[in-house]
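Structural description and commentary
These are the residues of each chain, in order.
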Amino acid sequence: MLLRPKIFWRKSLEAKPWDVLVVGAGITGLETAKLLGEMGFDVLLVEKKPQLGGHAALYQCKALDGKCVECGACLVGDAQRKVLSNKKVVPMTGTTILNCQREGNLFKLELVREGVVSFASAKAVILCNGFRPFDPSTQKNLSYGKSNSILTALEVEDILRNNGKLLRPGSHEVPKSICFIQCVGSRNERNIYCSRVCCGYAIRIANLLKSLQPDLDITFFYMDIQTFSRSFVDDWAKIREKFTFIRQIPGELIPNKDGTISIYAKIDGVIKELFYDLVILSCGITPSEDLDQLAQIFKMKKNKDGFLSPSPENGVFALGTATGPKGIADCIAEVRCGLGGVVEYLEAWR
Ligand code: SF4
Ligand code: SF4
(Lines give C-alpha, C1' and ligand atoms only; values in the text may rest on other atoms or scores of the structure.)
(Ligands and ions follow the chains in the order given, each with its own letter.)
Protein backbone atom coordinates (compact mmCIF):
# COMPACT_ATOMS: atom_id res chain seq x y z
CA MET A 1 0.00 0.00 0.00
CA LEU A 2 2.88 2.39 0.71
CA LEU A 3 4.44 1.82 -2.70
CA ARG A 4 2.12 4.03 -4.71
CA PRO A 5 2.95 7.35 -3.05
CA LYS A 6 6.64 6.44 -3.23
CA ILE A 7 6.39 5.75 -6.97
CA PHE A 8 4.51 9.03 -7.44
CA TRP A 9 7.18 10.80 -5.41
CA ARG A 10 9.97 9.32 -7.53
CA LYS A 11 8.31 10.13 -10.85
CA SER A 12 7.43 13.69 -9.88
CA LEU A 13 10.97 14.30 -8.66
CA GLU A 14 12.61 13.12 -11.86
CA ALA A 15 10.16 14.76 -14.28
CA LYS A 16 12.21 17.91 -14.86
CA PRO A 17 15.33 19.64 -13.58
CA TRP A 18 14.59 21.83 -10.57
CA ASP A 19 15.88 25.37 -10.68
CA VAL A 20 17.24 25.03 -7.16
CA LEU A 21 17.79 22.30 -4.63
CA VAL A 22 17.71 23.76 -1.11
CA VAL A 23 19.19 21.44 1.51
CA GLY A 24 17.85 22.04 5.01
CA ALA A 25 14.51 23.53 6.08
CA GLY A 26 15.44 25.51 9.17
CA ILE A 27 14.84 29.26 9.11
CA THR A 28 17.51 29.82 6.41
CA GLY A 29 16.27 27.07 4.10
CA LEU A 30 12.63 28.10 4.56
CA GLU A 31 13.35 31.76 3.87
CA THR A 32 15.49 30.83 0.84
CA ALA A 33 12.84 28.51 -0.61
CA LYS A 34 10.08 31.02 0.13
CA LEU A 35 11.82 33.91 -1.67
CA LEU A 36 12.94 31.82 -4.66
CA GLY A 37 9.42 30.38 -4.98
CA GLU A 38 7.96 33.89 -4.89
CA MET A 39 10.36 34.84 -7.72
CA GLY A 40 8.94 31.98 -9.79
CA PHE A 41 11.77 29.46 -9.50
CA ASP A 42 11.00 25.75 -9.03
CA VAL A 43 12.47 24.75 -5.69
CA LEU A 44 13.02 21.32 -4.20
CA LEU A 45 13.43 21.77 -0.43
CA VAL A 46 14.99 18.72 1.20
CA GLU A 47 15.00 18.29 4.98
CA LYS A 48 16.52 15.29 6.75
CA LYS A 49 14.29 15.62 9.82
CA PRO A 50 10.62 14.57 9.78
CA GLN A 51 9.45 18.17 10.17
CA LEU A 52 10.26 21.64 8.83
CA GLY A 53 11.57 24.49 10.98
CA GLY A 54 14.91 23.27 12.38
CA HIS A 55 16.11 24.42 15.81
CA ALA A 56 14.32 27.75 15.62
CA ALA A 57 10.95 25.95 15.64
CA LEU A 58 11.75 24.86 19.23
CA TYR A 59 12.10 28.42 20.52
CA GLN A 60 9.15 30.09 22.16
CA CYS A 61 8.09 33.71 22.07
CA LYS A 62 10.02 35.72 24.69
CA ALA A 63 7.91 38.87 24.55
CA LEU A 64 7.77 40.69 27.90
CA ASP A 65 4.46 42.18 29.01
CA GLY A 66 3.25 41.85 25.43
CA LYS A 67 6.29 43.75 24.09
CA CYS A 68 8.26 42.01 21.32
CA VAL A 69 11.95 41.50 22.16
CA GLU A 70 12.94 40.59 18.59
CA CYS A 71 13.88 37.00 19.35
CA GLY A 72 12.79 36.00 15.84
CA ALA A 73 11.06 32.75 16.87
CA CYS A 74 7.78 33.64 15.16
CA LEU A 75 9.53 34.24 11.83
CA VAL A 76 9.94 30.48 11.43
CA GLY A 77 6.21 29.73 11.49
CA ASP A 78 5.60 32.59 9.09
CA ALA A 79 8.21 31.33 6.57
CA GLN A 80 6.89 27.78 6.94
CA ARG A 81 3.30 28.80 6.15
CA LYS A 82 4.44 30.70 3.05
CA VAL A 83 6.54 27.77 1.83
CA LEU A 84 3.67 25.32 2.27
CA SER A 85 1.26 27.56 0.37
CA ASN A 86 3.62 28.17 -2.57
CA LYS A 87 3.16 25.66 -5.40
CA LYS A 88 6.63 26.44 -6.78
CA VAL A 89 8.24 24.94 -3.67
CA VAL A 90 8.12 21.20 -2.96
CA PRO A 91 9.25 20.35 0.58
CA MET A 92 10.49 16.79 1.17
CA THR A 93 11.02 15.91 4.83
CA GLY A 94 12.82 12.80 6.09
CA THR A 95 15.01 12.98 2.98
CA THR A 96 18.79 12.97 2.70
CA ILE A 97 21.18 13.47 -0.19
CA LEU A 98 23.21 10.36 -0.92
CA ASN A 99 25.25 11.49 -3.90
CA CYS A 100 25.66 14.14 -6.57
CA GLN A 101 27.35 14.02 -9.98
CA ARG A 102 27.78 16.93 -12.40
CA GLU A 103 26.40 16.34 -15.88
CA GLY A 104 27.32 19.48 -17.78
CA ASN A 105 26.03 22.25 -15.55
CA LEU A 106 23.30 20.08 -14.02
CA PHE A 107 23.54 18.50 -10.60
CA LYS A 108 22.33 14.89 -10.85
CA LEU A 109 21.18 13.96 -7.37
CA GLU A 110 20.57 10.71 -5.56
CA LEU A 111 18.20 11.05 -2.60
CA VAL A 112 16.84 8.64 -0.03
CA ARG A 113 13.54 8.79 1.80
CA GLU A 114 12.06 6.02 3.93
CA GLY A 115 14.69 3.66 2.54
CA VAL A 116 13.71 4.36 -1.08
CA VAL A 117 16.40 5.80 -3.33
CA SER A 118 15.30 8.30 -5.94
CA PHE A 119 16.84 10.70 -8.43
CA ALA A 120 16.45 14.37 -9.27
CA SER A 121 18.43 17.07 -11.03
CA ALA A 122 18.89 20.74 -10.27
CA LYS A 123 20.54 23.78 -11.83
CA ALA A 124 21.85 25.18 -8.55
CA VAL A 125 22.26 23.94 -4.99
CA ILE A 126 21.95 25.98 -1.80
CA LEU A 127 23.17 24.34 1.39
CA CYS A 128 21.26 25.58 4.42
CA ASN A 129 22.13 22.64 6.61
CA GLY A 130 22.16 24.68 9.82
CA PHE A 131 24.09 23.81 12.96
CA ARG A 132 24.33 21.38 15.85
CA PRO A 133 24.15 22.77 19.39
CA PHE A 134 27.31 21.93 21.35
CA ASP A 135 26.84 18.67 23.27
CA PRO A 136 27.71 19.50 26.91
CA SER A 137 28.05 15.82 27.84
CA THR A 138 31.38 15.84 25.95
CA GLN A 139 32.82 18.24 28.54
CA LYS A 140 33.22 16.28 31.80
CA ASN A 141 33.68 19.30 34.10
CA LEU A 142 30.06 20.37 33.37
CA SER A 143 28.60 17.18 34.96
CA TYR A 144 25.81 17.38 32.38
CA GLY A 145 23.59 14.29 32.62
CA LYS A 146 24.71 13.61 36.21
CA SER A 147 22.19 15.91 37.86
CA ASN A 148 18.63 17.06 37.10
CA SER A 149 19.78 20.51 38.15
CA ILE A 150 22.08 21.03 35.16
CA LEU A 151 20.12 21.85 32.01
CA THR A 152 20.68 23.36 28.61
CA ALA A 153 18.83 26.56 27.72
CA LEU A 154 16.76 24.58 25.19
CA GLU A 155 15.67 22.18 27.94
CA VAL A 156 14.58 25.18 30.00
CA GLU A 157 12.45 26.37 27.05
CA ASP A 158 10.82 22.95 27.04
CA ILE A 159 10.05 23.11 30.79
CA LEU A 160 8.54 26.58 30.38
CA ARG A 161 6.43 25.42 27.44
CA ASN A 162 5.08 22.44 29.41
CA ASN A 163 4.69 23.99 32.88
CA GLY A 164 4.43 27.74 32.35
CA LYS A 165 7.24 28.22 34.90
CA LEU A 166 10.69 26.92 35.74
CA LEU A 167 10.72 23.74 37.85
CA ARG A 168 13.58 21.42 38.66
CA PRO A 169 13.01 18.23 36.61
CA GLY A 170 12.26 15.17 38.74
CA SER A 171 11.51 16.90 42.06
CA HIS A 172 9.32 19.62 40.44
CA GLU A 173 10.64 22.06 43.06
CA VAL A 174 10.56 25.75 42.21
CA PRO A 175 14.19 26.96 42.18
CA LYS A 176 15.13 30.06 44.17
CA SER A 177 18.58 30.69 42.72
CA ILE A 178 19.84 29.76 39.29
CA CYS A 179 22.84 30.62 37.17
CA PHE A 180 23.68 30.68 33.49
CA ILE A 181 27.09 29.47 32.33
CA GLN A 182 27.97 31.31 29.13
CA CYS A 183 30.29 30.23 26.31
CA VAL A 184 29.72 26.48 26.79
CA GLY A 185 31.47 24.85 23.83
CA SER A 186 32.66 28.18 22.40
CA ARG A 187 35.73 30.35 22.86
CA ASN A 188 37.80 27.44 24.10
CA GLU A 189 40.61 25.30 22.71
CA ARG A 190 38.18 23.14 20.72
CA ASN A 191 36.07 25.95 19.24
CA ILE A 192 37.86 29.26 19.46
CA TYR A 193 35.06 31.26 17.82
CA CYS A 194 32.23 33.12 19.56
CA SER A 195 28.81 31.60 18.83
CA ARG A 196 27.35 35.12 18.69
CA VAL A 197 23.79 34.20 19.66
CA CYS A 198 23.97 32.66 23.14
CA CYS A 199 24.39 35.92 25.11
CA GLY A 200 21.22 37.40 23.66
CA TYR A 201 19.38 34.10 23.90
CA ALA A 202 20.32 33.60 27.58
CA ILE A 203 19.42 37.17 28.56
CA ARG A 204 16.03 36.87 26.84
CA ILE A 205 15.34 33.63 28.73
CA ALA A 206 16.50 35.24 32.00
CA ASN A 207 14.19 38.22 31.40
CA LEU A 208 11.31 35.84 30.70
CA LEU A 209 12.05 33.80 33.85
CA LYS A 210 12.24 36.95 35.97
CA SER A 211 8.88 38.12 34.63
CA LEU A 212 7.31 34.72 35.41
CA GLN A 213 9.10 34.21 38.75
CA PRO A 214 10.09 37.65 40.13
CA ASP A 215 11.71 36.18 43.28
CA LEU A 216 14.16 34.11 41.24
CA ASP A 217 17.78 35.07 41.87
CA ILE A 218 19.71 34.87 38.57
CA THR A 219 23.49 34.96 38.11
CA PHE A 220 25.51 34.94 34.88
CA PHE A 221 29.02 33.50 34.67
CA TYR A 222 30.47 35.05 31.52
CA MET A 223 33.55 36.22 29.58
CA ASP A 224 32.03 39.08 27.58
CA ILE A 225 28.46 39.92 26.73
CA GLN A 226 27.89 40.19 23.00
CA THR A 227 25.49 42.95 22.04
CA PHE A 228 22.54 41.51 20.18
CA SER A 229 20.01 44.19 19.41
CA ARG A 230 19.82 47.87 18.53
CA SER A 231 18.42 48.69 21.96
CA PHE A 232 20.94 46.59 23.88
CA VAL A 233 23.17 49.48 25.03
CA ASP A 234 20.13 51.19 26.60
CA ASP A 235 18.90 47.91 28.09
CA TRP A 236 22.29 46.91 29.54
CA ALA A 237 22.01 49.14 32.63
CA LYS A 238 18.59 47.63 33.46
CA ILE A 239 19.87 44.11 32.82
CA ARG A 240 22.79 44.65 35.23
CA GLU A 241 20.37 45.77 37.93
CA LYS A 242 18.19 42.68 37.56
CA PHE A 243 20.88 39.98 37.48
CA THR A 244 24.28 39.28 39.07
CA PHE A 245 27.18 39.11 36.60
CA ILE A 246 30.39 37.29 37.57
CA ARG A 247 33.08 37.67 34.93
CA GLN A 248 34.62 34.21 35.00
CA ILE A 249 33.79 30.78 33.63
CA PRO A 250 33.64 28.14 36.40
CA GLY A 251 36.14 25.30 36.17
CA GLU A 252 33.70 22.69 37.44
CA LEU A 253 30.04 22.17 38.31
CA ILE A 254 29.71 19.95 41.39
CA PRO A 255 26.33 18.24 41.98
CA ASN A 256 25.42 17.97 45.70
CA LYS A 257 23.21 15.32 47.34
CA ASP A 258 20.42 17.84 48.03
CA GLY A 259 20.13 18.60 44.31
CA THR A 260 21.99 21.91 44.43
CA ILE A 261 25.09 22.60 42.36
CA SER A 262 28.30 24.01 43.85
CA ILE A 263 30.46 26.40 41.89
CA TYR A 264 33.75 27.83 43.13
CA ALA A 265 34.30 31.42 42.06
CA LYS A 266 36.80 34.13 42.94
CA ILE A 267 34.85 37.06 44.38
CA ASP A 268 36.86 40.15 45.43
CA GLY A 269 40.04 38.08 45.41
CA VAL A 270 38.60 35.34 47.64
CA ILE A 271 37.57 31.88 46.38
CA LYS A 272 34.03 31.13 47.52
CA GLU A 273 31.70 28.15 47.15
CA LEU A 274 28.39 29.30 45.65
CA PHE A 275 25.24 27.13 45.61
CA TYR A 276 22.57 27.13 42.91
CA ASP A 277 19.27 25.24 42.67
CA LEU A 278 19.63 25.04 38.91
CA VAL A 279 22.39 25.70 36.38
CA ILE A 280 21.59 26.59 32.76
CA LEU A 281 24.24 25.95 30.12
CA SER A 282 24.41 28.42 27.23
CA CYS A 283 25.61 25.95 24.61
CA GLY A 284 27.22 27.33 21.48
CA ILE A 285 26.82 26.57 17.81
CA THR A 286 28.89 23.86 16.11
CA PRO A 287 28.86 22.58 12.50
CA SER A 288 25.87 20.36 11.66
CA GLU A 289 26.26 16.59 11.93
CA ASP A 290 25.92 16.15 8.14
CA LEU A 291 28.29 18.99 7.19
CA ASP A 292 31.27 16.75 6.38
CA GLN A 293 29.14 14.50 4.20
CA LEU A 294 27.58 17.44 2.34
CA ALA A 295 31.00 19.08 1.90
CA GLN A 296 32.25 15.87 0.31
CA ILE A 297 29.18 15.35 -1.92
CA PHE A 298 29.17 18.94 -3.21
CA LYS A 299 32.97 19.39 -3.16
CA MET A 300 32.84 22.28 -0.73
CA LYS A 301 35.73 23.49 1.38
CA LYS A 302 35.47 24.14 5.12
CA ASN A 303 36.63 27.29 6.86
CA LYS A 304 38.99 27.33 9.85
CA ASP A 305 36.08 26.87 12.28
CA GLY A 306 34.79 23.79 10.45
CA PHE A 307 31.78 25.45 8.75
CA LEU A 308 31.21 25.57 4.98
CA SER A 309 33.17 27.91 2.78
CA PRO A 310 30.86 28.75 -0.16
CA SER A 311 32.06 28.35 -3.76
CA PRO A 312 29.21 30.04 -5.66
CA GLU A 313 31.06 30.02 -8.97
CA ASN A 314 30.30 26.26 -9.15
CA GLY A 315 26.57 26.73 -8.61
CA VAL A 316 26.80 25.55 -5.01
CA PHE A 317 25.88 28.16 -2.44
CA ALA A 318 25.82 28.02 1.35
CA LEU A 319 23.80 30.28 3.61
CA GLY A 320 22.93 30.76 7.28
CA THR A 321 24.60 28.84 10.08
CA ALA A 322 26.00 26.37 7.54
CA THR A 323 28.77 28.97 7.08
CA GLY A 324 29.17 30.01 10.74
CA PRO A 325 27.28 31.06 13.87
CA LYS A 326 24.54 33.64 13.47
CA GLY A 327 21.08 34.40 14.82
CA ILE A 328 17.69 34.20 13.13
CA ALA A 329 17.63 37.84 11.97
CA ASP A 330 21.16 37.58 10.54
CA CYS A 331 20.28 34.34 8.73
CA ILE A 332 17.32 36.06 7.08
CA ALA A 333 19.43 39.11 6.18
CA GLU A 334 22.10 36.85 4.67
CA VAL A 335 19.48 35.05 2.56
CA ARG A 336 18.17 38.35 1.22
CA CYS A 337 21.70 39.46 0.27
CA GLY A 338 22.93 36.05 -0.89
CA LEU A 339 20.04 35.28 -3.22
CA GLY A 340 21.24 37.99 -5.62
CA GLY A 341 24.18 35.75 -6.55
CA VAL A 342 21.91 32.70 -6.94
CA VAL A 343 19.49 34.55 -9.21
CA GLU A 344 22.39 35.85 -11.32
CA TYR A 345 23.68 32.29 -11.66
CA LEU A 346 20.23 30.97 -12.64
CA GLU A 347 19.66 33.77 -15.16
CA ALA A 348 22.57 32.35 -17.16
CA TRP A 349 20.35 29.28 -17.81
CA ARG A 350 17.49 31.26 -19.32
S1 SF4 B 1 10.02 38.18 17.52
FE2 SF4 B 1 10.05 36.84 19.34
S3 SF4 B 1 9.32 38.16 21.01
FE4 SF4 B 1 8.74 39.14 19.11
S5 SF4 B 1 6.65 38.41 18.73
FE6 SF4 B 1 8.06 37.10 17.57
S7 SF4 B 1 8.41 35.35 18.91
FE8 SF4 B 1 7.56 37.00 20.21
S1 SF4 C 1 27.60 34.81 22.26
FE2 SF4 C 1 28.19 35.17 24.39
S3 SF4 C 1 27.94 33.15 25.38
FE4 SF4 C 1 27.97 32.80 23.18
S5 SF4 C 1 30.11 32.32 22.74
FE6 SF4 C 1 29.83 34.52 22.38
S7 SF4 C 1 30.40 35.51 24.29
FE8 SF4 C 1 30.07 33.33 24.72
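Report on the accompanying structure. (Residues numbered from 1 in each chain as written. Chains lettered and ligands numbered in written order. Predicted model: local features only at pLDDT ≥ 70, side-chain atom pairs only at ≥ 80, totals over all residues. Heavy atoms only, no water.)

1. Side note on the site of ligand 2
Around ligand 2, the structure places Gln 182, Cys 183, Ser 186, Arg 187, Cys 194, Ser 195, Arg 196, Val 197, Cys 198, Cys 199, Asp 224 and Gln 226. Elements that contribute at least two residues to the shell around ligand 2 include exactly strand S9 (177–184) and helix H5 (198–212). (Near = heavy atom within 4 Å. Helix = DSSP H or I, 4+ residues; strand = E, 2+ residues; numbered from the N terminus.)

2. Re the sheet that holds S9
Pairing within the open sheet is parallel, and its five strands lie in the order S8-S15-S9-S10-S11. Sheet topology places strand S8 (150–152) and strand S11 (244–246) at the edges, where each strand pairs with a single neighbour. Taking each pair of neighbouring strands and ignoring which way they run, the sheet shows an average axis angle of 25°. Of the strands in this sheet, S8 and strand S15 (278–283) are in contact with helix H4 (residues 153–163), which crosses S8 at around 90°. Contacts between H5 and the sheet are confined to S9, strand S10 (217–221) and S15, with S9 contributing the most and set at about 170° to the helix. (Pairing = 2+ DSSP bridges. Axes fitted to C-alpha atoms, helices over the stretch in contact; angles between N-to-C directions. Contact = heavy atoms within 4.5 Å.)

3. Comments concerning the pairing of strand S5 (residues 106–113)
Sheet topology places strand S4 (residues 95–103) next to S5; eight bridges connect them, and they run antiparallel. Looking across to S5, one finds that Asn 99 is bridged to Glu 110. Turn length for the S4-S5 hairpin, with the two strands adjacent in sequence and antiparallel, is two residues, and the turn residue Gly 104 shows positive phi of about 65°. The sheet contact formed by S5 and strand S6 (residues 116–127) spans seven bridges and is antiparallel. Opposite Leu 111, over in S6, you have Ser 118 as the bridge partner. The antiparallel hairpin formed by S5 and S6 contains two residues in its connecting segment, where Glu 114 sits at a positive phi of about 50°.

4. Remarks on the packing of aromatic side chains
Two descriptors summarise a pair of aromatic rings, namely the distance from one centre to the other and the angle between the planes of the rings. Tallied over the entire structure, the rule returns nine aromatic pairs. Aromatic pair Phe 180 and Phe 220: ring centres 4.8 Å apart, planes at 5°, arrangement stacked. Placement of Phe 180 in strand S9 and of Phe 220 in strand S10 is noted, with a sequence separation of 40 residues between them. Take Phe 180 and Phe 220: they sit in the same class, and that class is buried. When the centroid spacing of 5.7 Å and the interplanar angle of 55° are considered together, the rings of Phe 220 and Phe 243 count as tilted. In this pair, Phe 220 sits in strand S10 while Phe 243 sits in the loop between helix H6 (232–242) and S11, placing the two residues 23 residues apart along the sequence. In this structure Phe 220 comes out as buried when scored by relative accessible area, which is 0%. Accessibility expressed as a relative area gives 4% for Phe 243, which makes it buried. Ring pairs connect the aromatic residues Phe 180, Phe 220, Tyr 222, Trp 236, Phe 243 and Phe 245, which therefore count as one cluster. Across the ring face of Trp 18, the terminal group of Lys 16 is positioned such that the distance to the ring centre comes to 5.0 Å. It is Arg 102 that lies over the ring of Phe 107; its NZ or CZ is 3.8 Å from the centre. (Phe/Tyr/Trp six-rings, centres within 6.5 Å; stacked < 30°, edge-to-face > 60°. Buried < 20%, exposed > 50% of the residue type's maximum accessible area, 1.4 Å probe, protein only. Lys NZ or Arg CZ within 6 Å of the ring centre and 35° of its normal.)

5. Thoughts on a nonpolar patch on the surface
A cluster of nonpolar side chains, contributed by Leu 98, Val 117 and Phe 119, occupies part of the molecular surface with about 220 Å² of accessible area. Counting through the fold element by element, Phe 119 comes out in strand S6. (Patch = residues over 30% accessible without salt bridge, like charges linked within 9 Å, V, L, I, M, F, W, Y side chains within 5 Å. Areas by Shrake-Rupley, 256 points an atom, 1.4 Å probe, with all protein chains shown as cover. Salt bridge = Lys/Arg side-chain N within 4 Å of Asp/Glu carboxyl O.)

6. Section: unusual backbone geometry
The backbone of Arg 187 shows a phi angle near 55°, a positive value even though the residue is not glycine. With a phi angle near 50°, Asp 268 is a residue other than glycine that sits in the positive phi range. Mapped onto the fold, Asp 268 is located in the loop between strand S13 (261–267) and strand S14 (270–276).

7. A few points about the pattern of salt bridges
On inspection of all chains with the given rule, the structure shows 17 salt bridges. The partner of Lys 82 in a salt bridge is Asp 78, with the nearest N and O atoms 3.5 Å apart. Taken together, the positions of Lys 82 and Asp 78, both in helix H3 (residues 73–84) and four residues apart, correspond to about one turn of that helix. By relative accessible area, which is 36% here, Lys 82 ends up partly exposed. In this structure, Arg 168 engages Glu 173 in a salt bridge whose closest nitrogen and oxygen atoms are separated by 2.9 Å. On the basis of relative accessible area, Glu 173 is assigned to the partly exposed category, the value being 41%. Three or more residues joined by partner-sharing salt bridges are found here, namely Lys 16, Asp 42 and Lys 88.

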